[in-house]
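# Chain and residue survey
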Amino acid sequence: MIYKNNQNNHRPTRSSLTIVIKVGTTTICDEKTHYPVLSNLSSLVELVLKLKSQGHRVVLVSSAAVATGLRRLNIDERPTKMSTLQAISAVGQGRLIRLYDDLFGQFHQPVAQVLLTKNDLSERAQYLNAVSCLEEILELGVVPIVNENDTICPQEIRFGDNDTLSAITAGMLKADYLFLLTDVDCLYTDNPRTNPDAKNVSVCHDIQVLQELVCVTSRGSALGTGGMSTKLVAADLATAAGVRTVITHGAKPENLMKIIEADDAGTLMTPHELAVVTGDDLLARNLPLHTLFTAKDNPLYDRKWWIKHGLHTAGRVYIDEGAMRAVLSRKQRSSLFAAGIVDVENNFVANQAVMIICRRKNEQGEVVEEVDIGKGLVNYSSIEIGRIKGCRSQDITDILGYMDAECVIDRDNLVRTLDNPV
Ligand SMILES: N[C@@H](CCC(=O)OP(=O)(O)O)C(=O)O
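Just so it is clear, the model here is predicted, and its values are computed rather than measured.

### Notes on the domain arrangement of the chain
Split into domains, the chain comes out as domain 1 (2-293) and domain 2 (313-416). In this structure, domain 1 and domain 2 have C-alpha centres spaced 37 Å apart.

### Things to note about the nonpolar core
Membership of the largest hydrophobic core comes to 52 residues, with the highest contact counts inside it found for Val-146, Met-172, Leu-178, Leu-210 and Phe-293. Per element, the largest residue contribution to this core is seven residues, and it comes from helix H9 (residues 228-240). Lining this core are residues from two domains, each supplying at least three of them: domain 1 (2-293) and domain 2 (313-416). Contacts of Val-146, omitting those with residues within four sequence positions, involve Val-59, Leu-60, Val-61, Ser-62, Val-114, Leu-116, Leu-134, Leu-165 and Thr-169. Membership of the second largest hydrophobic core comes to 41 residues, among which are Ile-21, Leu-49, Ala-64 and Tyr-188.

### So, the confidence of the model for the chain
Residues of the chain with pLDDT of at least 70 account for 91%, and the chain-wide mean is 87. No element of the chain has a lower mean pLDDT than helix H5 (residues 118-122), at 78, and none a higher one than strand E2 (residues 57-62), at 98. Note that pLDDT drops below 50 for residues 1-8; the model gives that stretch 33 contacts with residues more than four away or on any other chain. This model gives residues 220-224 a pLDDT under 50, and the stretch forms 17 contacts once residues within four places in sequence are excluded. Reported confidences for the modelled complex are a pTM of 0.82 and an ipTM of 0.96.

### Quick notes on the UniProt feature "domain: PUA" (unreviewed entry) in the chain
Under the UniProt annotation, "domain: PUA" (unreviewed entry) lies at residues 315-409. What you have in residues 315-409 is 21% helix and 32% strand, and the ends, taken at the C-alpha atoms, are 13 Å apart.

So, how was this worked out
Residues numbered from 1 in each chain as written. Predicted model: local features only at pLDDT ≥ 70, side-chain atom pairs only at ≥ 80, totals over all residues. Heavy atoms only, no water. Domains from an automatic or database assignment. Core = buried A, V, L, I, M, F, W, Y, C linked by side-chain atoms within 4.5 Å. Buried < 20%, exposed > 50% of the residue type's maximum accessible area, 1.4 Å probe, protein only. Helix = DSSP H or I, 4+ residues; strand = E, 2+ residues; numbered from the N terminus. Contact = heavy atoms within 4.5 Å. pLDDT = per-residue confidence, 0-100. UniProt positions renumbered as here; feature names shortened; annotations may be inferred.

Here you go:
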């Protein structure tokens, strides 16, 4: 089946790749007994060692702290109370890392535990600190094993699923590949267990087209928190940062090697005009089942990607249509000035991130539509913006008694959501 494509087909060409592998709870622990699935874990460890022996840098993002804690404490059902889950995770995380250390230790391969929270990444200095620490761990030849720091992470600041965390990690390291290992072979257009017409998706160049095509209502397993929908979000995040993303089965980690080799040989390439390829008989082509999401044409690098995905959105500024045109204009890509701001919502301080929304009005001056323009770091607080909105920059000093910056959001700190600038 053919759907129009606007994205690229670029493949990594470096001989030393950075590969982030995310393993979900169901790959690591039995869904009913919560005992570790040693066959999967051993294959995974062997795969990582093989990739490393070929000169690649490998990062594991591993779930299963909660499941491992459930086993240790003889609790059958995953509780719903957050503080109980945090406590169980505290029990499980240590044992999980010990298990990895035992397995990798058989091959004298050191591992490092890296526990992250959303908060760690929302402040620029801390984000950069986390990046340089991960880089250093890789430089030392160690395999970082990343998980969310469940124990100290309240609901409001959780990634919640490790799919998102793995995409953030891949973006931080400018990885070449993100592999999302799960309990199905690939993404299907519908649930293949209930719909015999469901087709496998082998390549996706455009996640928006894919979202209209597939039914991804599955919540995931009883143990984990992710599902297919969180995998699409992760693929969207990672491909936006230039990372090729692959969904494939966690019980067959050796498939990763075949997928990377096939990609390297150009076998996974599809004609550029295909946005989504479904029903491809990969097995007949001697390729393991998987779904490949190619990287975006113009990836957002580092700072802008961090603003868009790393930062908590603290509030909203509403702008008029003139400001929208200036901000989105392909020619000027203007900064956002106070003159174009019509309203401000929530309390925030300078340097926090806000959503930028355009209020479209009809001839009667009634708001008929709100358009999401993007996200940016403000130079002024919500109170200050409330006072200077609609004013010219040269009047800011008179109004506030000082002028910290000419514009409210600098063009370099503004990430546009719209793909088609006017
Ligand atoms: N941090 C949690 C992982 C969250 C989770 O369940 O993720 P997943 O199994 O990937 O859906 C844990 O280690 O149990």
